[in-house]
Amino acid sequence: MSDEDIMELLKNEFEEINMDSPGVASRHREWLQVLGYIDYADGVSRLTQDGRELTEGRERDIPLSDSDRVTELRERLLNAEMACVPAGHQHLTKEVYPAVKRAYPHLCVDSYLCRNAHENGVDQPEWKHAVRDIQQRLADREGTRVRRLDERYMWQFLPRFDPGKAYKRSRLHDQLGGQRQRGISPCSKADVVLLFTSFSDTEAGYTDTIEEDGTVVYTGEGRNGDMTFTHGNKAVGQHRGEKRELHLFQTLDGGTVRYVGQYQCHDHFWEELPDANDKQREALQFELIPTNEDFELSKVFDTELPQGSDRVERRTITQNRIVRDRNLVRYLKNLYDDRCQICGDQRLQDQDIGFSHVHHLMPLGKPHNGDDKLENVVVVCPNHHEDFEHGMIRVDPQTLEIQHFYDTGLCGETIETKRDHEIGRQYLAYQNEVIASDQI
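Notes on the structure in this doc start here.

Rules used throughout
- Residues numbered from 1 in each chain as written.
- Predicted model: local features only at pLDDT ≥ 70, side-chain atom pairs only at ≥ 80, totals over all residues.
- Heavy atoms only, no water.
- Helix = DSSP H or I, 4+ residues; strand = E, 2+ residues; numbered from the N terminus.
- Buried < 20%, exposed > 50% of the residue type's maximum accessible area, 1.4 Å probe, protein only.
- Contact = heavy atoms within 4.5 Å.
- Areas by Shrake-Rupley, 256 points an atom, 1.4 Å probe, with all protein chains shown as cover.
- Core = buried A, V, L, I, M, F, W, Y, C linked by side-chain atoms within 4.5 Å.
- Phe/Tyr/Trp six-rings, centres within 6.5 Å; stacked < 30°, edge-to-face > 60°.
- Lys NZ or Arg CZ within 6 Å of the ring centre and 35° of its normal.
- Salt bridge = Lys/Arg side-chain N within 4 Å of Asp/Glu carboxyl O.
- Pairing = 2+ DSSP bridges.
- Axes fitted to C-alpha atoms, helices over the stretch in contact; angles between N-to-C directions.
- Expected span 1.5 Å × (residues − 1).
- Arc of directions from axis to C-beta.
- Parallel < 35°, antiparallel > 145°, perpendicular 65-115°, else oblique.
- Left-handed = near helix turned anticlockwise from the far one by under 90°.
- Nonpolar A, V, L, I, M, F, W, Y, C, P; charged D, E, K, R; others polar.

## A look at the overall build of the protein chain
A count of helices and strands for the protein chain gives 13 helices and 19 strands. For the protein chain, with 440 residues in total, the buried portion stands at 40%. Considering only contacts in the protein chain between residues 6 or more positions apart, those separated by 24 or more positions represent 55%. In the form shown here, the protein chain has an accessible surface area of approximately 25,100 Å², with 44% of it arising from carbon and sulfur atoms.

This is the structure:
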């Protein structure tokens, strides 16, 4: 129940109560929290185990038949997706039955047997039959936490976390497995991948961001050199095909993490980012979207978000990110030894290690839809990359002479080319007539 629901309940129960806002109801709820009878998350109050026992103690004033107890057990297990069973791989008789009986002792009547409930029943408690039945029904549904394993009597229960709640990271790994020190941690005891982030720049060169709607751009793993689509990165990118859930946590102090939410990998793309040694490299970036359509950033991080301005026009857009051919980029950079084809300069990211950018003369994105191939690409320094982007440079398609709009020293020079790299004349013309014309 929400605080508003509690308010309506109190108003209906006590005619003399006059409430226009749920403030009084909230104080009732806070009182029950202090006593340990309810948990409060996502604006909803839920009974704790102590709260259930208190409620059930009052309900026991009305005797329940044995069949009614089994019926109620079925409803509770189904509605809660068997939340009483811990996450991980669980054996039916050794772990699942005991967990259910601990949670609902008054509903698990050992003396009420299957043969008492069914014509062809066996000499086994009927409540255990109910557990097996609900377990199988949940496993047959999409998106529930229960999955059947190939091994006999073994079942998998996926974890469920509360957004905004803090957890000890060590306990997560004790329960689910996975690497304790990595940002991306595929788990061995459940089909989940745990993601950890500080949402800030780190010494390892990782930069993760989160938007108000919960969308996250998450940097892949790999401290030095170009990242690869292997190990943890592959686990994130292919999690849906492998039927693994993604759960994102924000790292706090003292080995504690705050749960952000469950996510799906919507897309991945490559960006040129610094590594742990501040050297430029090709880095994987994952675009993650929350599975909860009602995601609210303020509820997760307990922050007051700005209301925004009415005067700014806002539009909903869908982004399609371009994944560049990394082999092509690496080949051209090596071919020119990271020297700019316009000015011939080599920028350094270390004492003897150069770095450069590549520029697509006909851009890859819409509305241009250029080709990702050698004829459409030039190697440039960061300055001249910006100049190309802003239409400050034109290169004659026939003579390859450079025209620079503010650096006259380059005018009349020819762009450097290698024998194995012929620049497409049509792409130079496109840069001149479309890109530069739009900017000048």
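Next comes the rest of the description.
## Digging into the nonpolar core
By size, the foremost hydrophobic cluster in this structure holds 23 residues, and its most contacted members are Leu 195, Val 236 and Leu 288. Elements with a minimum of two residues in this core: strand S8 (192–197), strand S10 (216–219), helix H9 (231–237), strand S11 (245–251), strand S12 (256–274), strand S13 (280–290) and helix H10 (297–301). With sequence-adjacent residues up to four places away left out, Val 236 is seen in contact with Ile 184, Val 193, Leu 195, Leu 246, Cys 265, Phe 286 and Leu 288. By size, the runner-up hydrophobic cluster in this structure holds 21 residues, among which are Ala 103, Leu 107, Leu 138 and Trp 155.

## A closer look at the packing of aromatic side chains
Going through the model one piece at a time under the given rule, you end up with seven aromatic pairs. Ring centres of Tyr 97 and Trp 127 lie 5.7 Å apart, and the angle between their planes is 70 degrees; this geometry places the pair in the edge-to-face category. Of the two residues, Tyr 97 sits in helix H5 (residues 92–103) while Trp 127 sits in helix H7 (residues 126–139), which places them 30 residues apart along the sequence. Each of the two residues, Tyr 97 as well as Trp 127, counts as buried. Considering the side-chain rings of Tyr 167 and Phe 249, the 6.3 Å spacing of their centres and the 90 degrees angle between planes classify their relative orientation as edge-to-face. With Tyr 167 in strand S6 (residues 166–168) and Phe 249 in strand S11, the pair connects residues that are 82 residues apart, well separated along the chain. Neither residue differs from the other here; Tyr 167 and Phe 249 are each classed as buried. In this structure an aromatic cluster arises from ring pairing among Phe 161, Tyr 167, Phe 196, Phe 249 and Tyr 259. The aromatic ring of Tyr 40 is capped on one face by Arg 29, whose charged end is 3.6 Å from the ring centroid.

## Comments concerning the pattern of salt bridges
One pass over the structure, following the stated rule, counts 13 salt bridges. The closest approach of N and O atoms between Arg 147 and Asp 191, which form a salt bridge, is 3.2 Å. Of this pair, Arg 147 sits in strand S4 (residues 146–148) while Asp 191 sits in the loop between strand S7 (184–186) and S8, and the two are 44 residues apart along the sequence. Assessed through its relative accessible area of 26%, Asp 191 is described here as partly exposed. Put simply, Glu 245 and Arg 160 hold a salt bridge, and the shortest N to O gap is 3.3 Å. With Glu 245 in strand S11 and Arg 160 in the loop between strand S5 (154–157) and S6, this residue pair connects regions lying 85 residues apart in the sequence. Through salt bridges with shared partners, one network takes in Arg 74, Asp 133 and Arg 137.

## Some words on the sheet that holds strand S3 (residues 88–91)
Read across the open sheet, the three strands follow the order S3-S5-S4; overall the sheet is antiparallel. Lying at the two open borders of the sheet, with one neighbouring strand each, are S3 and S4. Strand-to-strand, the axes of this sheet are offset by a mean angle of 30 degrees, without reference to chain direction. As defined by bridge partners, S3 adjoins S5 across four bridges and the pair is classed as antiparallel.

## Re H5
Counted at 1.5 Å a residue, the expected span for H5 with its 12 residues is 16 Å, and the 15 Å between its end C-alpha atoms agrees. When we look at burial in H5, the residues that qualify are Leu 92, Val 96, Tyr 97, Ala 99, Val 100 and Ala 103. Looking straight down H5, one finds its buried side chains confined to an arc of 155 degrees; they lie on one side. Facing away from the buried side of H5 by more than 90 degrees, the exposed set consists of Lys 94 and Arg 102.

## Side note on the pairing of S13
Of all 11 residues that make up S13, nine are buried, and the element is covered over most of its length. Judged from the 11 bridges that link them, S12 and S13 form a sheet pairing that is antiparallel. From the neighbouring strand, Glu 272 faces S13, where its bridge partner is Glu 282. Between the antiparallel neighbours S12 and S13 lie five residues, among them Asp 278 with a positive phi of about 65 degrees.

## What about the packing of helix H4 (residues 66–79) against H7?
In the contact formed by H4 and H7, the axes pass within 10 Å of each other and the chain directions differ by 30 degrees. Of the possible angle classes, the one that applies to H4 and H7 is roughly parallel. Here H4 runs over H7; the crossing is right-handed. Side by side, H4 and H7 meet where Val 70, Leu 73, Arg 74, Leu 77 and Leu 78 of the first sit next to Glu 126, Trp 127, His 129, Ala 130, Val 131, Asp 133, Ile 134, Arg 137 and Leu 138 of the second. Taken together, the residues of the contact of H4 with H7 sort by class into nine nonpolar, one polar and four charged.

## Description of unusual backbone geometry
Of note, the phi angle at Asp 337 is positive, near 50 degrees, even though the residue is not glycine. Its location among the elements puts Asp 337 in the loop between helix H11 (326–335) and strand S14 (347–348). Phi is positive for Leu 400, which is not a glycine, with a value near 65 degrees.

## Observations regarding the environment of Ile 353
Its location among the elements puts Ile 353 in the loop between S14 and strand S15 (354–355). For Ile 353, a relative accessible area of 30% gives the class partly exposed. Remark: the alpha-carbon pair of Ile 353 and Asp 338, spanning 15 residues in sequence, is separated by 8.9 Å. Not counting the four nearest positions on each side in its chain, Ile 353 is found in contact with Lys 279, Arg 347 and Leu 348.

## Quick look at the pairing of S10
Side chains Val 216 and Tyr 218 of S10 all project onto a buried face; the interleaved residues Val 217 and Thr 219 project onto the opposite face, where all are buried too. Here strand S9 (residues 209–210) runs beside S10; their pairing, made up of two bridges, is antiparallel. Residue Thr 209 lies in a different strand from S10, and its bridge partner there is Val 217. Connecting S9 to the next strand, S10, in antiparallel fashion are five residues, including Gly 214 with a positive phi near 95 degrees. Summarising the sheet, S10 and S13 pair through four bridges and their orientation is antiparallel. In the sheet register, Thr 219 faces S13, and the bridge partner there is Gln 285.

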